[in-house]
Amino acid sequence: MDHYLQHLAAERRLSPHTVAAYQRDLDNLSRLTAGKPLAELTVTDIRGAVVKLRSQSLAATSVARQLSSWRGFYAFACRRLGYASNPCIGLRPPKAAKPLPDILSPDACAQLLGGNAPETSDDALAARDRAMFELFYSSGLRLSELAGLDLDDVDLRSGEAQVTGKGRKTRIVPVGRQALAAVAAWLPQRLPLVRDNTLALFVSQRGSRLSPRSVQLRLDRWALQAGLGQYVHPHMLRHAFATHVLQSSGDLRAVQEMLGHASISTTQVYTHLDWQHLAKVYDQAHPRARKKS
């Protein structure tokens with residue numbers, strides 16, 4: 001197991017949180033199989049472990065994730081550790097409905113980003129927060145990607161940002177006009193806060209890189225101040241970016257590239273959201289579909 005975890009961290013360059021999740025899944029496999037050595041597990045053992053997981057009333061997605069972790073370990077072990085076979089081959093994960101992500105409407109995004117900042121005595125915080133949330137919506141960033149941005153990652157002249165995503169893969173994303181203006185307004189406010197010559201684009205009041213949790217808390221305050229009346233998390237701005245760009249352009253492949261999705265099947269969820277929008281318009285507009293008042 002140690003060899004595999006080192007492989008995930010050093011060769012696949014997965015984040016510490018992801019590596020820890022793989023370790024938990026493999027530890028759980030050992031518990032479910034009464035500590036039987038991983039090299040001796042059979043298809044029957046793995047199938048029994050899956051049955052035990054289902055009996056714990058776990059969501060189908062959780063069971064599928066653990067089975068995927070186990071399958072990945074055995075694929076590595078067969079290639080690199082001399083295991084004879086992969087006991088996970090042929091086992092299908094339970095089917096799970098794919099819930100559509102929560103998004104904000106264009107009006108809600110305008111209300112969130114166009115309103116006043118939460119009351120604070122520090123103009124620097126207001127400038128920083130506006131720049132962060134404009135970047136979320138402008139470029140479809142993940143929370144970890146935004147928190148990991150360095151000063152040189154955003155090019156105000158070209159209107160682009162270099163983002164480090166999952167697996168430490170980098171991509172270039174466009175940055176919109178309002179987001180560029182917000183970042184430009186934040187940079188002079190950033191200078192007095194910086195400590196220890198940190199390269200982070202977004203820093204806390206103490207001058208260190210702003211943590212993802214702090215970004216979430218600040219967004220909570222902004223949503224409350226804007227009066228949206230709903231819980232808003234950073235990923236909702238990423239979902240809103242993808243949905244609104246897709247509705248306007250219809251270019252699924254471009255949205256995939258900007259989001260940094262490895263597979264277009266992951267991006268296709270936004271076509272379902274777009275269909276919901278079209279269906280709503282149809283129900284409201286078509287003479288044969290309108291409901292009687």
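The preceding data block contains the structure.
Engineer: Kindly report on the pattern of salt bridges, identifying the contributing residues and their values.
Structural biologist: Tallied over the full model, the rule gives 8 salt bridges. Here Arg 80 and Glu 11 are joined by a salt bridge, their closest N and O atoms 2.8 Å apart. Pair noted here: Arg 80 is in helix 4 (residues 60–80) and Glu 11 is in helix 1 (residues 2–11), with a separation of 69 residues, a long-range link. Among the residues examined, Arg 80 registers a relative accessible area of 45% and is labelled partly exposed. Put simply, Arg 171 and Glu 145 hold a salt bridge, and the shortest N to O gap is 2.8 Å. Residue Arg 171 is found in strand 3 (residues 170–174), and its partner Glu 145 is found in helix 7 (residues 143–147); the two are separated by 26 residues along the sequence. Here the two residues Arg 171 and Glu 145 agree in accessibility, since each one is buried. One network of salt bridges, in which partners are shared, links Arg 128, Asp 129 and Arg 218.

Engineer: Can you explain the nonpolar core? Please cite residues and give values.
Structural biologist: In this structure, Leu 104, Leu 112, Phe 133, Leu 135, Trp 186 and Phe 202 are the most contacted members of the largest nonpolar core, which totals 41 residues. Looking at which element gives the most residues to this core, the answer is helix 6 (residues 123–139), with 7 residues. In this structure, Trp 186 is in contact with Ala 124, Ala 127, Arg 128, Ala 131, Leu 193, Leu 201, Phe 202 and Val 203, ignoring residues within four places of it in sequence. Within the second largest apolar cluster, 24 residues are counted, among which are Tyr 4, Val 19, Phe 76 and Cys 88.

Engineer: I'd like a rundown of the pairing of strand 3, residues and numbers included.
Structural biologist: Within a regular beta strand, the side chains point alternately toward one face of the sheet and then the other, so they alternate between its two faces. Of the two faces of strand 3, only one is covered, namely that formed by Arg 171 and Val 173; the face formed by Thr 170, Ile 172 and Pro 174 stays uncovered. Pairing geometry for strand 2 (residues 160–164) and strand 3, over 5 bridges, is antiparallel. Bridge assignment links Ala 161 to a residue of strand 3, and that residue is Val 173. The turn joining strand 2 and strand 3, which pair antiparallel and follow one another in sequence, is formed by 5 residues; a positive phi near 65 degrees is taken by Gly 167.

Basis of the calculations
- Residues numbered from 1 in each chain as written.
- Predicted model: local features only at pLDDT ≥ 70, side-chain atom pairs only at ≥ 80, totals over all residues.
- Heavy atoms only, no water.
- Salt bridge = Lys/Arg side-chain N within 4 Å of Asp/Glu carboxyl O.
- Helix = DSSP H or I, 4+ residues; strand = E, 2+ residues; numbered from the N terminus.
- Buried < 20%, exposed > 50% of the residue type's maximum accessible area, 1.4 Å probe, protein only.
- Core = buried A, V, L, I, M, F, W, Y, C linked by side-chain atoms within 4.5 Å.
- Contact = heavy atoms within 4.5 Å.
- Pairing = 2+ DSSP bridges.

Purely spatial values, then, with no claim about function.
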